[in-house]
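# Observations on the three-dimensional arrangement
The chain contents come next:
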Amino acid sequence: MTCDEARLLIGADPGAATTALEEHLATCAACARFRDEMRSLDADIRRALERPPDIARPRSDRQPPRWRQWALAASVVLATLAVLGVWLLRPSDTLAREVVAHVQGEPDSWLATQHVSAQGITQALHGAGVALEITSDKIMYAQSCWFRGHYVPHLVIQTARGPATVLILRHEQPRARRAFHEAGMSGVIVPAEQGSIAVLTRGAGDLDDLAGQMQHDVHWLADAH
Amino acid sequence: MRNSEPGSPVSSIGGRLPAAGADAPLTRLFESMRPDLLRFAHWLARDRAIAEDIVQEALLRAWRSRDALKDPSAARPWLLTIVRREHARLYERKRLELVSLDEVVETQASPRFAEPGGELFALRHAIMRLPIEYREPLVLQVLGGFTTEEIARELALSATAVLTRLFRARNKLRVICGLAAAPDLAPRENLP
């Protein structure tokens, strides 16, 4: 047996006592000393193993890792922003909510693929006290709808970014522009000369251009009901 | 935690059952070994609460398989083996929350956790810090009384691999105890 073999065996099992090992130790003082050290160490190991250290901290006392604290803080911030965003984009009043509900009630309005005839547009505008300068080939849907006690024109106008709904609300007079986001729709209600105009689209989108254009193209007639 | 069978030695955690019926001697035998099993599981799992769960599950399994224990004098290694396997199963079943042991030990090595005989204290924590690949065969050998061949069989390793791991485990502990590390003579193994 070589010194390497003897030390490997002693290190693995200090209590080992094979004939070959004993013969080697009888002639190798260094290995014999090594075994004495390892046997002494092993006695300590045995004593140590008799009682495991009580290293398990109460779970409630455990400090979460630093990344978890940051993750928690980030989630709080995100949740706050989400709530704030919902609050800011919520329908500002029942008018906006009712506009959304009305559009939801006519889901086919956004599916029209052919423009409305001039006669159809006229019928939609009938009784609302408004006239339009917009060219009829951009209007894909035109109805006169009962809304808040009045017939109002309900139009769907094809824009470069897809169809957008326009409700011309002669009898609703908000003090300022209101934007909202609800039920997967974005909308804006802008004051007009004699009432207001609501513009909605699916998803998110900048509707101020269209709202501004409609403010320009809608003419409020004096002989309205 | 699963429900245990009525009348089994694990019908209540840590509870002692009245020894009655045909299985009473076995119940007493199992119960008498609970402290050993708990200590063994604690060294493997490094967490007392987890160790208690492991022993609970292991005793339940042992109770269900009690017919396989032909010789009651072999109960101790038999139960230790079940505990070891239950520990391995636990880690396979769910990835337990990994706690930085260094952090834990550092935290707890404050004066209020210090004890007389600082060397033994350091040694205990050094053993806890050993990777499981080294800690497990060492605990099996020293606490469990398993031979190299038995450990090899249990861990599905060669006897040489077991010797290597035991050598390296003790070599790491030598340093903790202020002794010079012995040259690593063991065959190469890709372990920490």
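Here, every reference points to the structure presented above.
Predicted, not measured: the structure shown is a model, and the values here were computed from it.

### Let's talk about helix 5 (residues 94-104) of chain A
Residue and element names in this part refer to chain A. Of the residues making up helix 5, those classed as buried are A96, V99, V100, H102 and V103. The arc that holds every buried residue of helix 5, seen down its axis, measures 160°, which confines them to one face. As for helix 5, its buried residues are in contact with strand 2 (139-147), strand 4 (162-169), strand 5 (178-182), strand 6 (185-192) and strand 7 (195-202).

### Points about the interface of chain A and chain B
The interface of chain A with chain B comprises 22 residues on the first partner and 32 residues on the second. The set of elements that each furnish at least two residues to the side of chain A that touches chain B consists of helix 1 (3-12) and helix 3 (29-49) of chain A. Among the elements that line the side of chain A that touches chain B, the one with the most residues is helix 3 of chain A, at ten residues. In terms of residue class, the side of chain A that touches chain B is built from twelve nonpolar, one polar and nine charged.

### Considerations on the packing of helix 1 of chain A against helix 8 (residues 159-176) of chain B
One way to put it is that helix 1 of chain A packs onto helix 8 of chain B with a least axis distance of 7 Å and a crossing angle of 75°. Of the possible angle classes, the one that applies to helix 1 of chain A and helix 8 of chain B is roughly perpendicular. On helix 8 of chain B, the residues touching L8, G11 and A12 of chain A of helix 1 of chain A are L163, L166, F167, R170 and N171 of chain B. Residues of the contact of helix 1 of chain A with helix 8 of chain B, tallied by class, amount to five nonpolar, two polar and one charged.

### Brief notes about the pairing of strand 6 of chain A
All names here are of chain A. In this structure, strand 5 lies alongside strand 6, joined through five bridges in antiparallel fashion. Residue pairing for strand 6: H181 is matched across the bridge by S186. Counting the residues between successive antiparallel strands, the hairpin from strand 5 to strand 6 contains two residues, one of them, A183, with a positive phi of roughly 55°. Pairing geometry for strand 6 and strand 7, over eight bridges, is antiparallel. Note that in strand 7 the partner of I189 across the bridge is A198. Two successive antiparallel strands, strand 6 and strand 7, enclose a turn made up of two residues.

### Some words on unusual backbone geometry
Both trends apply: most residues other than glycine have a negative phi, and most peptide bonds are in trans. At A183 of chain A, a position not held by glycine, the phi torsion is positive, near 55°. Turning to its location among the elements, A183 of chain A is positioned in the loop between strand 5 and strand 6. In this structure, R46 of chain B takes a positive phi of about 65° despite not being glycine. Mapped onto the elements, R46 of chain B comes out in the loop between helix 1 (24-45) and helix 2 (48-64). By C-beta crowding, R46 of chain B is classed as buried, having 22 other C-beta atoms within 10 Å.

### Re the packing of helix 6 (residues 132-142) of chain B against helix 8 of chain B
Residue and element names in this part refer to chain B. In the contact formed by helix 6 and helix 8, the axes pass within 9 Å of each other and the chain directions differ by 95°. For the element pair helix 6 / helix 8, the angle class is roughly perpendicular. Here helix 6 contributes E133, Y134, R135, P137, L138 and Q141 to the contact with helix 8, which in turn contributes V162, R165, L166, R168 and A169. Of the residues that constitute the contact of helix 6 with helix 8, the class distribution is six nonpolar, one polar and four charged.

Thresholds, definitions, all that
- Residues numbered from 1 in each chain as written.
- Chains lettered and ligands numbered in written order.
- Predicted model: local features only at pLDDT ≥ 70, side-chain atom pairs only at ≥ 80, totals over all residues.
- Buried ≥ 20, exposed ≤ 12 C-beta atoms within 10 Å, placed from the backbone.
- Helix = DSSP H or I, 4+ residues; strand = E, 2+ residues; numbered from the N terminus.
- Arc of directions from axis to C-beta.
- Contact = placed C-beta atoms within 7 Å.
- Nonpolar A, V, L, I, M, F, W, Y, C, P; charged D, E, K, R; others polar.
- Axes fitted to C-alpha atoms, helices over the stretch in contact; angles between N-to-C directions.
- Parallel < 35°, antiparallel > 145°, perpendicular 65-115°, else oblique.
- Pairing = 2+ DSSP bridges.

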